[in-house]
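Working through the structure, step by step
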Amino acid sequence: MSVPDYMQCAEDHQTVLVVVQPVGIVPEEQFFKIYKRIASVSQVSIRDSQRLLYIRYRHHYLPENNEWGDFQTHRKVVGLISITTCASNKEWPQTAERFHGQKEVYSSTLYDSRLLVFGLQGDIAEQQRTDVAFYPDFEDCPDVEKRVDDFVESIFIVLESKRLDRATDKSGDKLPLLCVPFEKKDFVGLDTDSSLLLGVKRHYKKRCQGRMRKHVGDLCLQAGMLQDALVHYHMAVELLRGVNDFLWLGAALEGLCSASVIFHYPGGTAGRTVGRKPSVSQPADAGKRHRPGAQEVLIDPGALTANGISADTSTEIGRAKNCLSPEDIIEKYKEAISYYGKYKNAGVIELEACVKAVRVLAIQKRAREASEFLQNAVYINLGQLSEEEKIQRYSILSELYQLIGFHRKSAFFKRVAAMQCVAPTIPEPGWRACYKLLLETLPGYSLSLDPKDFSKGTHRGWAAVQMRLLHELVYASRRMGNPALSVRHLSFLLQTMLDFLSDQEKKEVTQSLENYTSKCPGGMEVITLPDGLKLPPVPFTKLPIVRSVKLLNLPVSLRPHKVKGLPGQNMSTASPFIYSPIIMHNRGEERCKKIEFQWVQGDVCEVQLMVYNPMPYELRVENMGLLTSGVEFESLPAALSLPAESGLYPVTLVGVPRTAGNITVNGYHTSVFGVTSDCLLEGLPSVKTSGSLVEVIPSLPRLQLSTSLPRSAHASQPTSKEELSSTVSVQLFNGETQQLTITLENIGSEDIETLELTSKILSTKEKVFGEFLSWDLEEASSRLPLKSGQAVTLTVHIKVELDFSGQESLLQDLNDDGISVTGLPISSPLRQLLKPRSETRAFGSESGRAEYSHVKTLEAVLNFKYSGGAGRVEGYHRELSLGVHVDVEPSVFFTRVNTLPATSTRQCHLLLDIFNPTEHELTVSAENNQDLVLHASECQRMAIQVDKFDFETLPQPDQQTACFTSPKQLEEERQHAQGSQINSKLGICWSIPSLRRRGEASVEGVLNQLVLEHLQLAPLQWDVLVNGKPCDCDVIADCRAGDPVTLEVRLTNRSKNSVGPLALTVVPFQDFQNGVQNYDLGEAVTFIGSNTFYIDTVKPKEDSVCVGALLFLYAGDFYLNIKFQDDSAGRELPLAWFTLPSVHIRALDAQLQAGA
């Protein structure tokens, strides 16, 4: 016997062997369909008996193996079922002859046979025969299983008769000697009747008895008599051990082990899904294991007849525990295998015994001992095996190692079997079989074909062995003529084993990959093998390696802004509770995924990846783009070339969302070495990302801005540089105005429907007076909606008006020139004792000039808000910011301000000390005043006569505004309004003729509280009329001496409170213009009535008039001094409120007046 049955197991010893074969030409599919139905009858309960008969079916069995049927009866073919097709009656004789010839092959051992004929109809088919069954076709054969049952019962009848015949053999000394095929030649010519060979005869007899006992044990085991079989096996062991019949002793021990295994493991050891039914002949405690060390049997010599075989074994059954314990089973297997090993021709028996022992040990979970049996099986020499037999042997060894949990050992033998499929001695190598076996080795080497298994945790398994196996898969798939498989496996090798490849190996693998992909590009499709195995795609997540993915916000000028105050904008989840931890938790989860900013439909969006190249040479990445879901997205692929071991390298991927909604960036796609990869972020846990979900709002228009002024590189503030679209820069003198022309062009696809413009002065230390930026948006708004490609122009006026006050610590006091002026300095002067000059003074030090020529900076932002299209409907707009950077050079400084009373009570003189800090000649002008020319670094005084101001007419803040505004702020606003009114009346301008530059000069920041009081028109307005003509501004009233002169005093109350009553006294005097004043005019002037005027209470906004008269007796110049009496009720009011104009009356003689 040269071909082992690797599928055998211990329980097969209780089966009878039935061969099922086709006769003639039978379609393979139909044959195996009927074969499966026949094989389903694997055990039959015998009628009128409690025993079961187990059947083992084979569709191919070598006749030479049948010759070992006496050695182990389960190897004997006892039944034959032939399947044939017969189309007509003419073919039947030939079919019957073939069936007879088939029976002749196994005639020496056959108990019974059956022929199943398909397709024959007619007289022959209607004949009733026990050994032949006729069926119209393969589909119409409902009673196949029933006929097999009857067939098995007939086999059992023959088996039982043979068992009884052998067990009750009365042939005396003529007991036959059972032999294995290779023993027969050893006993040819042996004379066992000669008296000279008495010792040999006794030895020969015991051998015959022992072998027969063992044979009867086999028959009992097949017949379902387990306990009888155990007794016979024990007795055979004792007999055969005594005569050193080692081959049959091993068989008896193996039979004993098989019977014990059947007893202990009724479910079987072959790992089949359906276990065997326990034999009904087993005792009630059959499921219990015997304790270790149980005795085999104590054989009673009286139980043996003279012929050595007793018909009744009940004595032995009752006297001993005949079943081996689980531990003893293995020991007996070892002993049996050692006996088999003594015979070269018993290699197959030895190998099969090892396989059976391994299956038992696998059930007992004794893997180490099982590996010893398998190691022994490896070295069993079976002679010259064919390549197919070698493949089968290594495959079975692999499966057995897998069964006991030795996965790597199993993979080793599976790989050996694979290599055997393509051995050089095979004329047609089986590369497909080799590839299939190599795939089966992957789990044993901790390999899988899914790259996701290699992205979690540390690497498992031996990388060197894994790479070798992957290379073999690549080669095998190429020899199979499947380049797509080669590309997939080579990609897998490069992706998962990159860290273990040397620089040279990386180069070789990538070159091979490029060669393969030039013929068959790699992709992301799932490859399905013919056996149904699916190979998942292998994305190149390490070529290049991505460390972080960041979704970028749109540029500042393109970012959408939500219109504030829309209904529902700030509405939260409807809940009656102020705080809900569940809602907060959900929001937290959403915040982790969704990004704060938005993208806009139709605009280019960016995602930044930080990547690096792990390869030792330049890596070319083609067609790298984004993978998204949620909205329609047009990815704009990029190509990049990364230097060798580049380190982190930023890569920006762009795309355009074509619809609105939520978009999720799932990953990116690349094309490297001809392999297209889709790399998903969820499969890359090491990649850092701030979120991948962003909202895409409906499309908005795009505005492009250009200016008439040059662009500036100045940053408005270090933190806000990126917030400005652009910045313009200009240099102006203080007080100068510059026009900025801005062109706005619609470069988007949506119409601009709304346009707003606001400005904001950035934080500065300088105080700005007036409007820094001003514009008129009406003309631009009238052009709306602005179509795509159209432009509109807007003019913005830049007017710089900083504080014109100078630092007196750097100037000389102009009072040193002898002019008597009540000084009202801006700040306390630090007087410098320098040589005075009569009218002008210049700086004597360069440091002072440098200080006054210091350039100040003003910065502001023009913010354009515009919207249109579908985005406007959703409440979104865009903002375009233009930074304005102005370098302000000083033009003029007001170093000191004073006031002098004018001749009129409603006017005064404003004195300004003006300094020219520039290097150019400068001209200063004012309303109704002569121009003042200042040379470089020159200071002069300008006197301006101005009407006093009625500040009460200025608009006052309403009550609500006053409640929410601090008093300090209210005071500043009041002073600003007063300063603006004064500045507008003065109209002070400067010009630099050489530069053709001009501007305005404001005194708003120069005026202090005292100066403002002097410039303010008193709330009580006094008018004095002589003969009906007002007397003010040095007006001289003429009258004739001797004629009465009417004197009228009028009071207008502009204050908020009532005034009065008041008493006024008129005192005349003469001024000799030499410091002497004469008040003794009793003989020159007389009053018609009293010289005292009485005024009753005057309410606000009302006036009061009192009239008197006086008479000048002589000609001359007289002055009237109108005084308030000390006991007047208005003395608590400020003195400035009671300033009356002086009255100058010139009395003329009658003749002189007539001559005049």
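Model, not experiment: these values are computed from the prediction.

Calculation rules
- Residues numbered from 1 in each chain as written.
- Predicted model: local features only at pLDDT ≥ 70, side-chain atom pairs only at ≥ 80, totals over all residues.
- Heavy atoms only, no water.
- Phe/Tyr/Trp six-rings, centres within 6.5 Å; stacked < 30°, edge-to-face > 60°.
- Helix = DSSP H or I, 4+ residues; strand = E, 2+ residues; numbered from the N terminus.
- Buried < 20%, exposed > 50% of the residue type's maximum accessible area, 1.4 Å probe, protein only.
- Lys NZ or Arg CZ within 6 Å of the ring centre and 35° of its normal.
- Pairing = 2+ DSSP bridges.
- Axes fitted to C-alpha atoms, helices over the stretch in contact; angles between N-to-C directions.
- Contact = heavy atoms within 4.5 Å.
- Expected span 1.5 Å × (residues − 1).
- Arc of directions from axis to C-beta.
- Salt bridge = Lys/Arg side-chain N within 4 Å of Asp/Glu carboxyl O.

Below, the discussion takes up the packing of aromatic side chains. Across all of its chains, the model carries 22 aromatic pairs by this definition. Centroid distance Trp 431 to Tyr 475: 5.5 Å. Interplanar angle 75 degrees. Geometry classified as edge-to-face. Placement of the pair is Trp 431 in helix α15 (residues 431–441) and Tyr 475 in helix α16 (residues 463–479), with a sequence separation of 44 residues. What makes Tyr 475 partly exposed here is its relative accessible area of 38%. Grouped by ring-pair contacts, the aromatic residues Trp 68, Phe 71, Phe 182, Trp 248, Tyr 340 and Tyr 343 constitute a single cluster. Lying across the ring of Phe 71, Lys 214 places its NZ or CZ 5.4 Å from the centre.

Taken together, 6 strands build an open sheet; the order of strands is β2-β3-β1-β4-β5-β6 and the sheet is mixed. Two strands in the sheet have a free side with no partner beyond their single neighbour: β2 (43–45) and β6 (132–135). Strand-to-strand twist across the sheet, computed as the mean angle between neighbouring axes with direction ignored, equals 25 degrees. Bridge count for strand β1 (residues 15–23) against strand β3 (residues 52–58) is 5 bridges, and the pairing is parallel. Bridging from a neighbouring strand, Val 19 pairs with Arg 58 of β3. Helix α5 (residues 144–167) contacts β1, β2, β3, β4 (77–85), β5 (112–118) and β6 of the sheet and is inclined by roughly 165 degrees relative to β5.

Relative to the helices and strands, Glu 750 resides in the loop between β23 (737–746) and β24 (754–761). Counting along the chain gives 119 residues from Glu 750 to Gly 869, while the straight-line C-alpha distance between them is 5.5 Å.

Once that is clear, we can look at α15. For α15, the full list of buried residues reads Trp 431, Cys 434, Tyr 435, Leu 437, Leu 438, Leu 439 and Thr 441. At its buried positions, α15 is contacted by α13 (387–403), α14 (407–421), α16, α17 (483–496) and β8 (534–535).

Here Leu 543 and Pro 544 are connected by a cis peptide whose omega angle stands at -5 degrees. One can find Pro 544 in the loop between β8 and β9 (545–551). The residue after Leu 784, namely Pro 785, is reached through a cis peptide bond having omega -5 degrees. Considering the arrangement of structural elements, one finds Pro 785 in the loop between α20 (778–782) and β26 (791–799). Even without glycine at this site, Ser 937 takes up a positive phi of about 60 degrees. Position of Ser 937 relative to the elements: it lies in the loop between β33 (932–934) and β34 (938–947). A relative accessible area of 4% means that Ser 937 is categorised as buried.

A few words on helix α1 (residues 28–39). Here α1 spans 16 Å end to end across 12 residues, near enough to the 16 Å set by a 1.5 Å rise per residue. Of the residues making up α1, those classed as buried are Phe 31, Ile 34, Tyr 35 and Ile 38. Buried positions in α1, seen along its axis, are confined to an arc of 110 degrees and lie on one side of it. Those residues of α1 that are exposed and aimed more than 90 degrees away from the buried face are Glu 29 and Lys 36. Summarising the contacts, the buried residues of α1 are in contact with β1, β3, β4, β5 and α5.

One pass over the structure, following the stated rule, counts 37 salt bridges. The partner of Arg 211 in a salt bridge is Asp 245, and the shortest N-O contact between them spans 2.7 Å. A residue pair is termed long-range when its members are at least 10 positions apart, and Arg 211 in helix α6 (residues 198–222) and Asp 245 in the loop between α7 (226–242) and α8 (246–264) qualify at 34 residues. Summarising the burial analysis for this pair, Arg 211 and Asp 245 share the class buried. Its salt-bridge partner being Asp 1043, residue Arg 1040 comes within 2.6 Å of it at the nearest N-O pair.

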